[in-house]
Amino acid sequence: MKKLIALSIVAACMCGSFLTVAPAAPAKKKKKPAPAKLELKGAVKHRFLGSSYSHKGGVVYIVDKEGTIEWETPAPRAQDIFMLEGDRVLFNTNRGARIVSVKDKKVVWEYKHESKQKFEIHSCQPLKNGNVLITVCGHSKVIEVDKDGKIAKTIEFSKVSKAAGNGHMELRDSLKTARGTYLVAFLAEGVIREFDGDAKVIRTIKTDYFKSKGVSSIQELKNGNLVVGGGYGRNVVEVDKNDKIVWSLTQEDIKGLDLGYVATAKRLDNGNTLVSL
């Protein structure tokens, strides 16, 4: 079933600023480069938090409602980002996760995963107890890391994962629910599995929309439905508790739309769906 809703799509292309000075010219005060600006389209305008893989080797940035970048910090391959209380930003770093203070850009917390086996970390989630949930792609597990950067809990599922050992394509997002269970996106398989606290599979979500490499992000709504960013499946879907698709967005729904890789999809409080490509 497809419903029409307002959609906000963010696609950022960031360019550097250059200043050329003639060698014979008298010394002049250096001008501060103009703040970088993103191209915004559409009637909906608001401040947002985003990331870029390519700009300056990877950054997380805050953009005002006019598209001007007002704050940024180095962030290699960050794609999961949260604004925390105390004006702090949490994001993944491909090899771990980091919390940075917006005020002074200081790293106030960091976890670096150590392993000789290939792995990548694409997601993180702040938990109510102060821990951070991290998905370790290639190692078939999610971990909870405490405020001291120590692993407090591990949920392992190597016997379940059909792409165990694939350090890039095995997993993407994970989410700890209010029930204490863990929802995990198995990207390579195109399936979402829910585990209890003992790593037992209690639910498997597989639909026609979840193609191979077709689940990237997971958001659980208040009514229990899941909003899923479809990765290489090039779609966004909302799944109810009975695994039925109640809403979807595909490339055919909006003229000229190229979804490419849907990294994340989030339902906003105003009912719009934010899609990050």
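Described in the following lines is the structure provided in the data block. Note that this is a predicted model, so its numbers are computed, not measured.

### As for empty space enclosed by the protein
Going through the model one piece at a time under the given rule, you end up with 1 cavity of 30 Å³ or more. One number sums up the size of the largest cavity: a volume of about 50 Å³. Contributing to the lining of the largest cavity are Gln-79, Asp-80, His-122, Ser-123, Arg-172, Asp-173, Ser-216, Ser-217, Ala-263, Thr-264 and Lys-266. Broken down by class, the residue content of the lining of the largest cavity amounts to 1 nonpolar, 6 polar and 4 charged.

### Comments concerning the pattern of salt bridges
All told, the structure shown has 12 salt bridges when counted by the stated rule. A salt bridge links Lys-56 to Glu-72; the nearest nitrogen and oxygen atoms lie 2.8 Å apart. Pair noted here: Lys-56 is in the loop between strand S2 (48-52) and strand S3 (59-63) and Glu-72 is in strand S4 (residues 69-74), with a separation of 16 residues, a long-range link. Measuring nitrogen to oxygen at the nearest pair gives 3.0 Å for the salt bridge that ties Arg-98 to Glu-110. Here Arg-98, found in strand S7 (residues 96-101), pairs with Glu-110, found in strand S8 (residues 107-112); they are 12 residues apart in sequence, far enough to count as distant.

### Remarks on the sheet that holds S4
What holds strands together in a sheet is hydrogen bonding between their backbones, with the strands either parallel or antiparallel. Strand order across the open sheet formed by 3 strands is S2-S3-S4, with antiparallel pairing between neighbours. Here the strands that pair on one side only, and so sit at the sheet edges, are S2 and S4. The mean angle between the axes of side-by-side strands here comes to 20°, regardless of whether they run parallel or antiparallel. Pairing between S2 and S3: 5 bridges, direction antiparallel. What sits directly across from Ser-51, in S3, is Val-60.

### Looking at the packing of aromatic side chains
Given two aromatic rings, one states the distance between the centres and the angle between the planes to describe the pair. Taken as a whole and judged by the stated rule, the model has 4 aromatic pairs. Centre to centre, the rings of Phe-157 and Phe-195 are 4.7 Å apart; their planes meet at 20°, and the pair counts as stacked. On the criterion of sequence distance, the pair formed by Phe-157 in the loop between strand S12 (151-156) and strand S13 (174-176) and Phe-195 in strand S15 (residues 191-195) is long-range, its members being 38 residues apart. Across this residue pair, the class does not change: Phe-157 and Phe-195 are buried. Geometrically, the ring pair formed by Phe-186 and Phe-195 is tilted, given 6.3 Å between the ring centres and 40° between the ring planes. Residue classification places Phe-186 among the buried positions, given a relative accessible area of 0%. The structure contains a cluster of three or more aromatic residues connected by ring pairs, namely Phe-157, Phe-186 and Phe-195. Taking the ring centre of Phe-186 as reference, the NZ or CZ of Arg-193 above it sits at 4.5 Å. Lying across the ring of Trp-247, Arg-267 places its NZ or CZ 5.2 Å from the centre.

### Here's the deal with the environment of Thr-204
Looking at where Thr-204 falls in the secondary structure, it is placed in strand S16 (residues 201-205). Overall, Thr-204 belongs to the partly exposed group, its relative accessible area being 43%. C-alpha separation for the pair Thr-204 and Ile-192, spaced 12 residues apart in sequence, amounts to 5.9 Å. The contact partners of Thr-204, leaving out residues within four places of it in the chain, are Val-191, Ile-192, Arg-193 and Asp-243.

### As for the side chain of Asp-240
Here Asp-240 is to be found in the loop between strand S19 (235-239) and strand S20 (245-250). For the buried residue Asp-240, which engages in no salt bridge, the nearest side chain bearing the opposite charge is Lys-244, 5.9 Å off. For Asp-240, the side chain forms a polar contact with the main-chain nitrogen of Asn-242, separated by 2.8 Å. Excluding its chain neighbours within four sequence positions, the residues that come into contact with Asp-240 are Arg-203, Asn-225 and Val-246.

Parameters at a glance
- Residues numbered from 1 in each chain as written.
- Predicted model: local features only at pLDDT ≥ 70, side-chain atom pairs only at ≥ 80, totals over all residues.
- Heavy atoms only, no water.
- 1 Å grid on protein atoms, 1.4 Å probe; cavity = no way out; pocket = protein on both sides within 12 Å on 5 of 7 lines; lining within 4 Å.
- Points joined across faces, edges and corners; volume = space filled by probe spheres on them.
- Nonpolar A, V, L, I, M, F, W, Y, C, P; charged D, E, K, R; others polar.
- Salt bridge = Lys/Arg side-chain N within 4 Å of Asp/Glu carboxyl O.
- Helix = DSSP H or I, 4+ residues; strand = E, 2+ residues; numbered from the N terminus.
- Pairing = 2+ DSSP bridges.
- Axes fitted to C-alpha atoms, helices over the stretch in contact; angles between N-to-C directions.
- Phe/Tyr/Trp six-rings, centres within 6.5 Å; stacked < 30°, edge-to-face > 60°.
- Buried < 20%, exposed > 50% of the residue type's maximum accessible area, 1.4 Å probe, protein only.
- Lys NZ or Arg CZ within 6 Å of the ring centre and 35° of its normal.
- Contact = heavy atoms within 4.5 Å.
- Lys, Arg positive; Asp, Glu negative; His and termini not counted.
- Polar contact = N/O pair within 3.5 Å; in protein donor to acceptor, adjacent residues only side chain to side chain.

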